[in-house]
Amino acid sequence: MTQDELKQLVAREALKHVVEDAVVGVGSGSTVNFFIDALATIKGRIEGAVAASEASAERLKKHGIRVFDLNSVNELPVYVDGADEITEHMHMIKGGGGALTREKIIAAVARKFVCICDASKLVPVLGRFPLPVEVIPMARSYVGRELLRMGGQPALRENYKTDNGNLILDCHGLTIMDPPALEAQLNNLAGVVTNGLFARRAADVLLLGSPDGVKTSTARR
């Protein structure tokens, strides 16, 4: 199976976690695009969606799915999103597409976080994928120096601004042995909006696409 076929497989499987007559949280990225397409087949059974990126919101709207502002939603039973890397402990690196802040906010609100990805994203230790850090523009140099002190190699994502109008530093060369601790440490740096570690609010369910089908894992809390 191709990577796209694996993504389609997990996207369709994720529909089983969608709560009828409720709003569903929708992330961003290529795997989520397949989920949005799958969601369109049951759009009459949901109230609508909250989107983590402008691109996802546009795709939802094109399918005729109502898009809500998160502030107008009282509860969010489930949030479906992908990952750039994920461990068996459900800790993730996200933000390759630049929507990490909005993704993290929606994940915080949702009662259940369902991560969908293909088997290539499952890793023993996070850090091979560069860790995105969203920064307010005036803090770029300061945060970059702090990341260097932590042993990372930050690189400014060229010609890119987030949907929030900020910059992203992609931090290479980190081997992340304690994701929750590093997530908190980075978020305490002045000028950091948030970082791409999703460990303090990890996934609850992992749907992993493989040639043998979809493997489902549930977090042990």
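Heads up: the structure comes first, above all this text.
Residues numbered from 1 in each chain as written. Predicted model: local features only at pLDDT ≥ 70, side-chain atom pairs only at ≥ 80, totals over all residues. Heavy atoms only, no water.

### Regarding the layout of surface pockets
Working step 1: Roughly 260 Å³ of volume is contained in the largest pocket.
Working step 2: Mapped onto the lining of the largest pocket, the elements with two or more residues apiece are strand S2 (48–51), helix H3 (54–62) and helix H4 (100–109).
Working step 3: Counting residues per element, the lining of the largest pocket draws most heavily on H4, at three residues.
Working step 4: Contributing to the lining of the second largest pocket are 19 residues, with Ser28, Gly29, Ser30, Ala83 and Asp84 lying nearest its centre.
Working step 5: Counting residues per element, the lining of the second largest pocket draws most heavily on helix H2 (residues 30–39), which supplies three residues. (1 Å grid on protein atoms, 1.4 Å probe; cavity = no way out; pocket = protein on both sides within 12 Å on 5 of 7 lines; lining within 4 Å. Points joined across faces, edges and corners; volume = space filled by probe spheres on them. Helix = DSSP H or I, 4+ residues; strand = E, 2+ residues; numbered from the N terminus.)

### Quick word on the packing of aromatic side chains
Working step 1: Counted by the stated rule, this structure contains one aromatic pair.
Working step 2: Here the aromatic rings of Tyr79 and Phe113 are separated by 5.0 Å at their centres, their planes lie at 45 degrees, and the arrangement is tilted. In this pair, Tyr79 is assigned in strand S3 (residues 78–81) and Phe113 in strand S6 (residues 112–118), connecting sequence segments 34 residues apart.
Working step 3: Judged by relative accessible area, Tyr79 falls into the buried class, the value being 0%.
Working step 4: Relative accessible area serves as the criterion here: at 0%, Phe113 is assigned to the buried category.
Working step 5: The side chain of Lys104 reaches across the aromatic face of Phe198, ending 5.0 Å from its centre.
Working step 6: Over the ring of Tyr160 we find Arg157, and its NZ or CZ is 5.3 Å from the ring centre. (Phe/Tyr/Trp six-rings, centres within 6.5 Å; stacked < 30°, edge-to-face > 60°. Buried < 20%, exposed > 50% of the residue type's maximum accessible area, 1.4 Å probe, protein only. Lys NZ or Arg CZ within 6 Å of the ring centre and 35° of its normal.)

### Points about a nonpolar patch on the surface
Working step 1: On the surface, Ile136, Met138 and Val193 cluster together into a nonpolar patch covering about 310 Å² of accessible area.
Working step 2: When its relative accessible area of 79% is taken as the criterion, Met138 is described as exposed. (Patch = residues over 30% accessible without salt bridge, like charges linked within 9 Å, V, L, I, M, F, W, Y side chains within 5 Å. Areas by Shrake-Rupley, 256 points an atom, 1.4 Å probe, with all protein chains shown as cover. Salt bridge = Lys/Arg side-chain N within 4 Å of Asp/Glu carboxyl O.)

### Some remarks on the sheet that holds strand S8 (residues 153–156)
Working step 1: Strand order in the open sheet made by the four strands is S8-S9-S7-S10, with antiparallel pairing throughout. The open sheet terminates on both sides in strands that have one partner only, identified here as S8 and strand S10 (192–195). For this sheet the average axis-to-axis angle between neighbouring strands, irrespective of direction, equals 30 degrees.
Working step 2: With three bridges joining them, strand S7 (residues 131–135) and S10 adopt antiparallel strand pairing. From the neighbouring strand, Glu134 faces S10, where its bridge partner is Thr194.
Working step 3: Here helix H5 (residues 140–149) sits on the sheet in contact with S7, S8, strand S9 (167–172) and S10, set at roughly 15 degrees to S9.
Working step 4: Strand contacts of helix H6 (residues 179–187): S7 and S10, with the helix running at about 165 degrees to S10, the strand carrying the most contacts. (Pairing = 2+ DSSP bridges. Axes fitted to C-alpha atoms, helices over the stretch in contact; angles between N-to-C directions. Contact = heavy atoms within 4.5 Å.)

### Observations concerning H5
Working step 1: Considered for burial, the residues of H5 that qualify are Val143, Gly144, Glu146 and Leu147. Seen end-on, H5 carries its buried residues on one side only, within an arc spanning 165 degrees. Exposed positions of H5 whose direction lies more than 90 degrees from the buried face are Leu148 and Arg149.
Working step 2: Close packing links the buried residues of H5 with S7, S8, S9, H6 and S10.
Working step 3: Positive phi shows up at Gly151, right after H5, with a value of about 95 degrees. (Arc of directions from axis to C-beta.)

### Thoughts on the nonpolar core
Taken as a class, soluble globular proteins show a tendency for nonpolar side chains to be buried jointly.
Working step 1: If you look at the biggest cluster of nonpolar residues, it comprises 26 residues, and the most contacted ones within it are Val18, Val24, Val26, Phe35, Leu39, Leu60 and Ile116.
Working step 2: The element contributing the most residues to this core is H2, with five residues. (Core = buried A, V, L, I, M, F, W, Y, C linked by side-chain atoms within 4.5 Å.)

### With respect to the sheet that holds strand S5 (residues 92–93)
Working step 1: Strand order in the open sheet formed by three strands is S4-S5-S11, and the pairing between neighbours is antiparallel. At either margin of the open sheet sits one strand with a lone partner, and together these are strand S4 (85–86) and strand S11 (197–198).

### Let's talk about the environment of Gly151
Working step 1: Within the secondary structure, Gly151 is located in the loop between H5 and S8.
Working step 2: On the basis of relative accessible area, Gly151 is assigned to the partly exposed category, the value being 45%.
Working step 3: Between the C-alpha atom of Gly151 and that of Ala110, which follows or precedes it by 41 residues, the distance is 33 Å.
Working step 4: In contact with Gly151, other than residues within four places in its own chain, are Gly173 and Leu174.

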